[in-house]
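Analysis of the macromolecular model
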Amino acid sequence: MSQGPRSGLAAVSSALLAMSRHLEVRDVLKTIVASARELLDAQYAALGVPDDHGGFAQFVVDGVSDEQWKAIGPLPRQHGILAAMLHEATPERLADVRKDPRFEGWPSAHPEMSDFLGLPIRDGDEVIGALFLANKLRPVGGHPPHPPCSKPEGGCGFTEEDEELLSILAQHAAIALTNARLYERSRELTIAEERSRLAHELHDAVSQKLFSLRLTAQAAAALVDRDPSRAKGELQQVAVLAAEAADELRAAVVELRPAALDEDGLTATLRTQIQVLDRAHTARVTFSAPNFRALPASQEEAMLRVAQEALHNALRHSGAEHVDVSLERRGSGAVLRVTDDGSGFEPKATRRAGRHLGLVSMRDRTSGVGGTLTVESAPGKGTTIEMEVPGG
């Protein structure tokens, strides 16, 4: 590499480390695209993951503003040069993409592109994506970028050296993308198991309440003629049991409903769930999130699940009158804190108690995203659960 082997290897190493930090597919795609554009000094970069219907399941760009991307319109189809890379699985390095006979044009809002470098991303024999770069900003070893770079008449600004470098990145991108897909599949299975557990809890809790409700109503009916005062007491108990069953149902709906993290983010999702819990339970449930900023998707999901588990404990088992949930920044990361004024417990008492309260699950979720979990509690003193994550 004309930059010198040390600086070139350092740049590649930095790009590969950036890819390895993320587990979410979308985060991995964004990192690959940004790394490729920076590494090869391109004005634009994109990565497409094909679907089975002639389009793209995901398409990520770098170098294009959000407004410009919206103006461009729907995702591209698999045609022209994009199709050649996906179906023929061969690299493409062109002096001017617009003059290639396979070029089929682009939307009016699409930025102008000339020199072009594209590579398929392969997992064995399967093409799982295609990586594209356009408009070389400077030659390797040149001066700071000034689009476009000077290039030989009829030649491409991207060189064989660029193609080789992008090929290395594409090979590692395949590994990172495959790992991210496996992680998301594993997470989907975990969520399915969680939903099954919650459904089982719902069945048990509501069935018990409805069984008691039926017996109490039968007792009231039997007493209404010969002991009206006792029948009145039984009917009052029917009202209490019905209210408790409604509380169980409302709380379960919140937990079983898929969290809108992708659309709303952690703060809005938690705020919505806590507002419902506050209405559903006699305890006061409050929430605050001063200056909170978005985190990597895996950390936000882990924080949501820990918050739900801690809220479940506080509202179902502690007898708390007030539960407070807060999110706040700490360095580049964040802290989730769930505090209640309930009966408390002895954290070190028994492993069985920890499992009953979901502490093992909370610790696993926290450590899985590189965070730490702290539990402070004592009998009669309430409980504070604090989860800290490092951020992106």
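Please read all numbers here as calculations on a predicted model, not as lab measurements.

1. Describing the sheet that holds strand E2 (residues 56-62)
As summarised here, the arrangement of the five strands in space is E2-E1-E5-E4-E3, forming an open sheet in which the pairing is antiparallel. Each end of this open sheet is capped by a strand with a single partner; those strands are E2 and strand E3 (92-94). Between one strand and the next, the sheet's axes are offset by a mean angle of 15°, whatever the strand orientation. The pairing of strand E1 (residues 42-50) with strand E5 (residues 126-136) spans six bridges and is classified as antiparallel. Paired with Ala42 across the strands is Lys136, a residue of E5.

2. A look at the pattern of salt bridges
Under the defined criterion, the tally for this structure stands at 12 salt bridges. Linking Arg284 and Asp278 is a salt bridge whose minimum nitrogen-to-oxygen distance equals 2.8 Å. Two residues, Glu386 and Arg337, come together in a salt bridge whose shortest N-O distance is 2.9 Å. Here Arg337 lies in strand E8 (residues 333-340) and Glu386 lies in strand E10 (residues 383-389), a separation of 49 residues in the sequence. Among the charged side chains, a salt-bridge network with shared partners connects Glu328, Arg330, Arg337, Glu386 and Glu388.

3. Remarks on helix H8 (residues 297-316)
In this model, H8 (20 residues) spans 28 Å end to end at C-alpha, consistent with the 28 Å of a helix rising 1.5 Å per residue. The buried fraction of H8 is high, at 18 of 20 residues.

4. Structural notes on the environment of Leu137
Along the chain, the position of Leu137 falls in the loop between E5 and helix H5 (160-223). By relative accessible area, Leu137 is classed as buried at 11%. Separated by 94 residues in the primary sequence, Leu137 and Gln43 have C-alpha atoms spaced 6.2 Å apart.

5. What to know about the pairing of strand E9 (residues 372-377)
Side chains of E9 alternate between two faces, with Leu373, Val375 and Ser377 buried and Thr372, Thr374 and Glu376 left unburied. Bridge count for E9 against E10 is six bridges, and the pairing is antiparallel. Directly across from Thr372, in E10, lies its bridge partner Glu388. Between E9 and E10, which pair antiparallel in sequence order, lie five residues; one of them, Gly380, sits at a positive phi of approximately 80°.

6. Side note on the sheet that holds strand E7 (residues 322-330)
The pairing of strands in a sheet comes from backbone hydrogen bonds and takes either a parallel or an antiparallel form. Pairing within the open sheet is mixed, and its five strands lie in the order E6-E7-E8-E10-E9. Since the sheet does not close on itself, it has two edges, and those belong to strand E6 (284-288) and E9, each with one partner. Across the sheet, the mean angle separating the axes of adjacent strands is 10° when strand polarity is ignored. With five bridges joining them, E6 and E7 adopt parallel strand pairing. Across the sheet, Phe287 pairs through a bridge with Val325, a residue of E7. H8 rests against E6, E7, E8, E9 and E10 of the sheet, and its axis sits at about 10° to E8.

7. Observations regarding the packing of aromatic side chains
Applying the stated criterion across every chain, the model contains five aromatic pairs. Measuring from centroid to centroid gives 5.2 Å for Phe56 and Phe59, while their planes differ by 70°, and the two rings are edge-to-face. Just as Phe56 is buried, Phe59 falls in that class too. Considering the side-chain rings of Phe59 and Trp69, the 6.1 Å spacing of their centres and the 5° angle between planes classify their relative orientation as stacked. Highlighted residues: Phe59 in strand E2 and Trp69 in helix H3 (residues 66-72), separated in sequence by 10 residues. Among the residues examined, Trp69 registers a relative accessible area of 25% and is labelled partly exposed. Aromatic ring contacts, followed pair by pair, group Phe56, Phe59, Trp69, Phe116 and Phe132 into a single cluster.

8. Details of the packing of H8 against helix H10 (residues 359-368)
Contact geometry for H8 and H10: axes closest at 9 Å, N-to-C directions at 165°. Between H8 and H10, the angle falls in the class roughly antiparallel. Crossing geometry of H8 relative to H10 is assigned as left-handed. Listed contacts from H10 to Ala302, Arg305, Val306, Glu309, Ala310 and Asn313 of H8 are Met362, Arg365 and Thr366.

So, how was this worked out
Residues numbered from 1 in each chain as written. Predicted model: local features only at pLDDT ≥ 70, side-chain atom pairs only at ≥ 80, totals over all residues. Heavy atoms only, no water. Pairing = 2+ DSSP bridges. Helix = DSSP H or I, 4+ residues; strand = E, 2+ residues; numbered from the N terminus. Axes fitted to C-alpha atoms, helices over the stretch in contact; angles between N-to-C directions. Salt bridge = Lys/Arg side-chain N within 4 Å of Asp/Glu carboxyl O. Expected span 1.5 Å × (residues − 1). Buried < 20%, exposed > 50% of the residue type's maximum accessible area, 1.4 Å probe, protein only. Contact = heavy atoms within 4.5 Å. Phe/Tyr/Trp six-rings, centres within 6.5 Å; stacked < 30°, edge-to-face > 60°. Parallel < 35°, antiparallel > 145°, perpendicular 65-115°, else oblique. Left-handed = near helix turned anticlockwise from the far one by under 90°.

Remember, this is a structural readout, not a statement about activity or role.
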